[in-house]
Amino acid sequence: MKLAGKTDVGRVRQENQDDYRAGELPGGAVWALVCDGMGGAKGGREASQGACNVIEQVFQEQYAQCGAGQEGAFLKKALISANRYVFNKAAHEESLAGMGTTAVCALVRSGRVYLCHAGDSRAYLYRDGRLAQLTHDHSYVQELVDCGTITVEEAEHHPQKNIITKALGVDYRLDSEFTTAPLQKGDILLLCSDGLTNAVPKEQLEQLLRTGKFYDLPDLLIRTANENGGPDNITALLLCVEEVR
């Protein structure tokens, strides 16, 4: 498994409130995580970094107990732990009140990707030149699309596109979403914040993934997002499946 990632402040924001982590696990497994903080300059940074720290610690200390068939429960538990940390910190520090963060977390093992997410940071699968979204945005605009009020095309430019309906740290409870998909040799997984997907259309992402060398892709994707305006922080984390075992 190959890993490559980068985060960038973008062209407009004063500070980067995105964070990401990734690493190898026993048995050839890999994990990856992208968080996009919110709640003011200090709060957004604190929420995303704190959530990443907690989830990374869960993988380091508890992954050994994650047996076959327990991937969903393990990932949900990791996000619940991060949610509790961010919520409690926001409740006890006035300057951090109202902070939260999206999270999309992936575990790759035994020929599958297991995903747990909350918010509008996304996971995609790139295969045979086509990009497929694996996660479902937890956002107001996505709800409008789901109920047929607006089209997917209208959603791309909706003025309330930034309103999310789930995030870590905004409530003591967290109802994250779990999904899984089979993988093939040569597949690329892309985890990203909305700073990438809001700035780079799907067709352009596919073209970049088709033409770019793997370890150059994070730079290429972020540079393109910035060339397209870079209105937000941008994070791109990629995993390439070299073999399925």
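Quick note: structure is the one above.
Residues numbered from 1 in each chain as written. Predicted model: local features only at pLDDT ≥ 70, side-chain atom pairs only at ≥ 80, totals over all residues. Heavy atoms only, no water.

### Quick look at the environment of glycine 100
Position of glycine 100 among the secondary structure elements: in strand β4 (residues 100–109). Judged by relative accessible area, glycine 100 falls into the buried class, the value being 0%. Measuring from C-alpha to C-alpha, the distance between glycine 100 and glycine 169 comes to 4.7 Å, with 69 residues separating the pair along the chain. Among residues more than four places away in sequence, those in contact with glycine 100 are Asp36, Gly37, Met38, Ala47, Val86, Leu168 and Val170. (Helix = DSSP H or I, 4+ residues; strand = E, 2+ residues; numbered from the N terminus. Buried < 20%, exposed > 50% of the residue type's maximum accessible area, 1.4 Å probe, protein only. Contact = heavy atoms within 4.5 Å.)

### Regarding the nonpolar core
Counting residues in hydrophobic clusters, the biggest one holds 31 residues, and the most contacted among them are Ile55 and Phe59. Filtering out sequence-adjacent residues up to four positions away, phenylalanine 59 remains in contact with Leu25, Trp31, Phe74, Leu75, Cys105 and Leu107. Listed in part, the 23 residues of the second largest apolar core include Cys192, Leu209, Ile234 and Leu238. (Core = buried A, V, L, I, M, F, W, Y, C linked by side-chain atoms within 4.5 Å.)

### A closer look at the state of the cysteines
Tallying each qualifying case throughout the model produces 0 disulfides. No disulfide involves cysteine 52; its sulfur sits 3.8 Å from that of cysteine 35, the nearest cysteine. The buried category is assigned to cysteine 52, whose relative accessible area is 0%. (Disulfide = S-S within 2.5 Å.)

### Topic: the side chain of threonine 235
Structurally, threonine 235 is set in strand β10 (residues 234–240). Only 2.7 Å separates the side chain of threonine 235 from the side chain of threonine 7, close enough to count as a polar contact. Separated by 2.9 Å, the side chains of threonine 235 and aspartate 18 make a polar contact. Setting aside residues no more than four positions away along its own chain, threonine 235 makes contact with Lys6, Thr7, Asp18, Tyr20, Val34, Leu191, Cys192, Ser193 and Leu196. (Polar contact = N/O pair within 3.5 Å; in protein donor to acceptor, adjacent residues only side chain to side chain.)

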